[in-house]
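The chain contents come next:
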Amino acid sequence: MRLLHTMLRVGNLERSLMFYTEILGMQLLRRKDYPDGRFTLAFVGYQAESEGAVIELTHNWDTAKYDLGNGYGHMAIEVEDAYDTCATIKARGGLVVREAGPMKHGSTVIAFIEDPDGYRIELIQRGSRAD
């Protein structure tokens, strides 16, 4: 078995695609409209779906916004340098909600960003994780 994807419902697909591709540097892997169901699926990631897990962005055409609730935590992306990555994300118009630095009660360097729908994404600096 292997992890295939994580699905996120998004209110504005174009805005979300811009965030994941232009701000986070992922690739749009595939996209398909389902007119009878009034939704679109778009898959984004850093590698092909056959090689690693990706994110499925689901846009229901008649829903502009979702309540995230209190059950969702975050996704995590490993980065070479969390400080530089935060600077790049901010320069591209992204929102950093927790600047890069050591995690509380540990030494792992982390940061948190937020996508246009409010989903949190943790950045974990490669090589800093103390397992």
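Undergrad: Explain the sheet that holds strand S8 (residues 120–125) here, please?
TA: Sheet strands pair via backbone hydrogen bonds, and the direction of the pair is either parallel or antiparallel. Judged by pairing direction, the sheet is mixed, and its four strands sit side by side in the order S5-S8-S7-S6 without closing on themselves. Each edge of the open sheet is held by one strand with a lone partner, namely strand S5 (75–79) and strand S6 (95–102). Ignoring which end each strand starts from, the neighbouring axes of this sheet average 20° apart. In terms of strand pairing, S5 meets S8 through five bridges, oriented parallel.

Undergrad: Explain the side chain of His59 here, please?
TA: The topology assignment puts His59 in strand S4 (residues 54–60). According to the relative accessible area criterion, His59 is buried, its value standing at 14%. One polar contact links the side chain of His59 to the main-chain carbonyl oxygen of Gly11, over a distance of 3.2 Å. Apart from the residues within four sequence positions on either side, His59 is in contact with Val10, Gly11, Asn12, Leu13, Arg38, Phe39 and Thr40.

Cut-offs used in this document
- Residues numbered from 1 in each chain as written.
- Predicted model: local features only at pLDDT ≥ 70, side-chain atom pairs only at ≥ 80, totals over all residues.
- Heavy atoms only, no water.
- Pairing = 2+ DSSP bridges.
- Helix = DSSP H or I, 4+ residues; strand = E, 2+ residues; numbered from the N terminus.
- Axes fitted to C-alpha atoms, helices over the stretch in contact; angles between N-to-C directions.
- Buried < 20%, exposed > 50% of the residue type's maximum accessible area, 1.4 Å probe, protein only.
- Polar contact = N/O pair within 3.5 Å; in protein donor to acceptor, adjacent residues only side chain to side chain.
- Contact = heavy atoms within 4.5 Å.

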